[in-house]
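One-letter residues, chain by chain:
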Amino acid sequence: MSDNSGDVATQVANVFGGEQQLNTMNTDAKRMLADAQAGRWAVDEETGTHLRRAVTQMQTRLNEVGQRVHLLQRAPKFGNDEYAQRAAAHFLSAMDSDDQSLVQVFITARDTLETLRQAIETAISKYDASDEAATKTLNTLRNQESR
């Protein structure tokens, strides 16, 4: 049996620019969320809507594939003899054993997109809040000037 699970995981990771790029993207998404939560990153509604749409489209596509990922986390039923059991264990190990395996690459991609979506949502809300605060401040200044 040819083991090309590494090739498949690499292909999935390559959708995001490669394994290293996927890991960097995951780290950056977490940083973006932290920055948005701290008020260091905000985005207007129009821009945020475009960003959110792109991320949710990717999430939808990944979720369609993800409906079958759980099957890769179970040993296949190749048979009951010793060789079949070893082959099934090898298959399972290849699919879900370390950070480079297909299941883990998929989970990282899914988690990255969710973190990015949360960051965008938070950044939109921070922009709206800062815009509202700026409007109140300007109104206060106008009211003081008219006295």
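Quick caveat: nothing in here was measured; it's all calculated off a predicted structure.

**Here's the deal with the nonpolar core**
With 18 residues, the main nonpolar core has V55, L62, L116 and I120 as its most contacted residues. Per-element accounting of this core gives the leading share, 10 residues, to helix α5 (residues 102–145).

**Overview of the pattern of salt bridges**
A full pass over the atoms with the stated rule returns eight salt bridges. Of the charged contacts, one joins D35 and R40 as a salt bridge, the two residues approaching to 2.9 Å between their closest N and O atoms. In this structure D35 comes out as buried when scored by relative accessible area, which is 17%. On the basis of relative accessible area, R40 is assigned to the exposed category, the value being 59%.

**Considerations on helix α4 (residues 82–95)**
With 14 residues, α4 should reach 20 Å at 1.5 Å per residue; the first-to-last C-alpha distance of 20 Å fits that figure. Those residues of α4 that sit buried are A84, A87, A88, A94 and M95. Down the axis, α4 shows its buried residues gathered within 125 degrees of arc, on one side only. When the buried face of α4 is taken as reference, the exposed residues oriented beyond 90 degrees from it are E82 and R86. At the N-terminal end of α4, a side-chain oxygen is found 3.2 Å from the backbone nitrogen of Y83, two or three residues along, and the residue is D81.

**A word on helix α2 (residues 19–37)**
Between its terminal C-alpha atoms α2 stretches 27 Å, which fits the 27 Å expected from 19 residues at 1.5 Å a residue. Turning to α2, its buried residues are L22, N26, A29, L33, D35 and A36. Backbone geometry just downstream of α2 places G39 in the positive-phi region, at approximately 80 degrees.

**Topic: the environment of E45**
Mapped onto the elements, E45 comes out in helix α3 (residues 45–66). For E45, a relative accessible area of 36% corresponds to the partly exposed category. For the pair formed by E45 and I120, sequence separation is 75 residues and the distance between their alpha carbons is 9.7 Å.

Cut-offs applied
Residues numbered from 1 in each chain as written. Predicted model: local features only at pLDDT ≥ 70, side-chain atom pairs only at ≥ 80, totals over all residues. Heavy atoms only, no water. Core = buried A, V, L, I, M, F, W, Y, C linked by side-chain atoms within 4.5 Å. Buried < 20%, exposed > 50% of the residue type's maximum accessible area, 1.4 Å probe, protein only. Helix = DSSP H or I, 4+ residues; strand = E, 2+ residues; numbered from the N terminus. Salt bridge = Lys/Arg side-chain N within 4 Å of Asp/Glu carboxyl O. Expected span 1.5 Å × (residues − 1). Arc of directions from axis to C-beta. Polar contact = N/O pair within 3.5 Å; in protein donor to acceptor, adjacent residues only side chain to side chain.

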